[in-house]
Amino acid sequence: MSGATTAAYLARRAAQKERVRILYRRALKDTLNWAVHRHLFYQDASDLREKFEANKRVEDLDTIDRMIADGEASYNKWRHPDPYIVPWAPGGSKFTRNPVPPSGIEIVYDYGREDND
Amino acid sequence: MALRAAVLRHIRVPVRTLAATGPKPQLQWSLCNSIRLFSSHDDHLTKEEVIDRVLDVVKSFPKVDPSKVTPHVHFQNDLGLDSLDNVEIVMALEEEFKLEIPDKEADKIDSCNLAIEYIYNHPMAG
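Residues numbered from 1 in each chain as written. Chains lettered and ligands numbered in written order. Predicted model: local features only at pLDDT ≥ 70, side-chain atom pairs only at ≥ 80, totals over all residues. Heavy atoms only, no water.

Enquirer: Please clarify how the interface of chain A and chain B should be interpreted in this entry.
Expert: By a widely used convention, the size of an interface equals the accessible area lost when the partners come together. Taken together, the contact between chain A and chain B spans 19 residues of the former and 22 residues of the latter. Between chain A and chain B, roughly 1900 Å² of surface is buried when both sides are summed, and carbon and sulfur atoms account for 55% of that area. Taken together, the connections running from chain A to chain B amount to 12 salt bridges. Note that Arg49 of chain A and Asp82 of chain B form a salt bridge whose closest N and O atoms lie 3.5 Å from each other. Linking chain A with chain B are 13 residue pairs in polar contact (both at pLDDT 80 or more), by the criterion used here. (Contact = heavy atoms within 4.5 Å. Buried area = accessible area lost by both parts, 1.4 Å probe. Salt bridge = Lys/Arg side-chain N within 4 Å of Asp/Glu carboxyl O. Polar contact = N/O pair within 3.5 Å; in protein donor to acceptor, adjacent residues only side chain to side chain.)

Set out below in structure tokens:
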């Protein structure tokens, strides 16, 4: 096969591997969102892993691209409407709850001395 | 006037100088060994705690041989794991420390070293 180990080929494969890893990470988090009970999550997570493992040995770049696109489409279809996000992260319940006050502001507590002096 | 000075001199408490060093300071510190700090920003994890918990998480992974796990182990090179296993380990660490690691950062965590450093330097690591 022409260009079997050229830099462009390797770069494309590396980019695909990164896409696969990020897709697997998001799909796993989504599985955890949907399957609240832990034993169900383990079952679903191993099913997801089987699906990824079945396509592990594909070598053709275009097939891989198409499979990644299909995977991302099905991930978008199955996204949870109310995912669990860690509270202090963007989207969580504690995000910007107590923002840091702007610097340079100083509150001087005089307890009415400036009025009643 | 002289009477006043005499009375004051009489009732004035003599000042005693304590010995400079001695058992006293140690006694004071041993009484407040467990100091409670009332600020909310001083409960960062110590490095040993982070290392212990990270190693526990990695050892309880079913595909990992627990005897090979050290703080400097590389997930794919030393433990023989897959890149998808790497993703699973990072997710387990996220759950353990209640963190939210962005996707790009999570992709780069490849070994125990990086994981421990990232978690230790994260301000919200629980």
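Read on for the rest.
Enquirer: For this particular structure, what's the right way to read the confidence of the model for chain B?
Expert: When pLDDT is low, close inspection of the predicted coordinates is not appropriate. Residues and elements named next belong to chain B. For chain B, per-residue confidence averages 79 on the pLDDT scale, and 77% of positions sit at 70 or higher. Within chain B, helix α2 (residues 23-31) has the poorest average pLDDT of any element, 47, and helix α4 (residues 83-97) the best, 91. In this model residues 19-30 is a low-confidence stretch, pLDDT under 50, and it forms one contact with partners more than four residues away in sequence or in other chains. Predicted complex, confidence summary: ipTM 0.78, pTM 0.72. (pLDDT = per-residue confidence, 0-100. Helix = DSSP H or I, 4+ residues; strand = E, 2+ residues; numbered from the N terminus.)

Enquirer: Even after reading the chapter, I still don't get the packing of helix α3 (residues 47-59) of chain B against α4 of chain B, so can you show me in this structure?
Expert: A packed helix pair is summarised by two numbers, namely the angle formed by the two axes and the spacing between the axes. Residues and elements named next belong to chain B. In the contact formed by α3 and α4, the axes pass within 10 Å of each other and the chain directions differ by 135°. With respect to each other, α3 and α4 are oriented oblique. For α3 against α4, the interelement crossing comes out right-handed. Residue-level inspection shows Val50, Arg53, Val54, Val57 and Val58 of α3 in contact with α4, the latter providing Ile89, Ala92, Leu93, Glu96 and Phe97. (Axes fitted to C-alpha atoms, helices over the stretch in contact; angles between N-to-C directions. Parallel < 35°, antiparallel > 145°, perpendicular 65-115°, else oblique. Left-handed = near helix turned anticlockwise from the far one by under 90°.)

Enquirer: Even after reading the chapter, I still don't get empty space enclosed by the protein, so can you show me in this structure?
Expert: Gaps between atoms show up when a probe of the same size as a water molecule is rolled over them. Counted by the stated rule, this structure contains two cavities of 30 Å³ or more. If you add up the space inside the largest cavity, you get close to 80 Å³. Forming the walls of the largest cavity are Arg21, Ile22 and Arg25 of chain A together with Ser83, Asn86, Val87, Val90, Asp103, Ala106, Asp107 and Ile109 of chain B. Mapped by element, the contributors of at least two residues to the lining of the largest cavity are α1 (7-34) of chain A together with α4 and α5 (103-108) of chain B. Counting residues per element, the lining of the largest cavity draws most heavily on α4 of chain B, at four residues. Taken together, the residues that form the lining of the largest cavity break down as five nonpolar, two polar and four charged. (1 Å grid on protein atoms, 1.4 Å probe; cavity = no way out; pocket = protein on both sides within 12 Å on 5 of 7 lines; lining within 4 Å. Points joined across faces, edges and corners; volume = space filled by probe spheres on them. Nonpolar A, V, L, I, M, F, W, Y, C, P; charged D, E, K, R; others polar.)

Enquirer: Where do I start with the pattern of salt bridges in this structure?
Expert: A side chain with one charge can pair with a side chain of the opposite charge if their charged atoms come near. Throughout the structure, instances matching the rule amount to 20 salt bridges over all chains. Between Arg19 of chain A and Glu72 of chain A there is a salt bridge, with the nearest N and O atoms lying 3.4 Å from each other. Of this pair, Arg19 of chain A sits in helix α1 while Glu72 of chain A sits in helix α3 (residues 61-77), and the two are 53 residues apart along the sequence. Judged by relative accessible area, Arg19 of chain A falls into the partly exposed class, the value being 35%. Residue Arg49 of chain A is joined to Glu88 of chain B by a salt bridge in which the shortest nitrogen-to-oxygen separation is 3.1 Å. (Buried < 20%, exposed > 50% of the residue type's maximum accessible area, 1.4 Å probe, protein only.)

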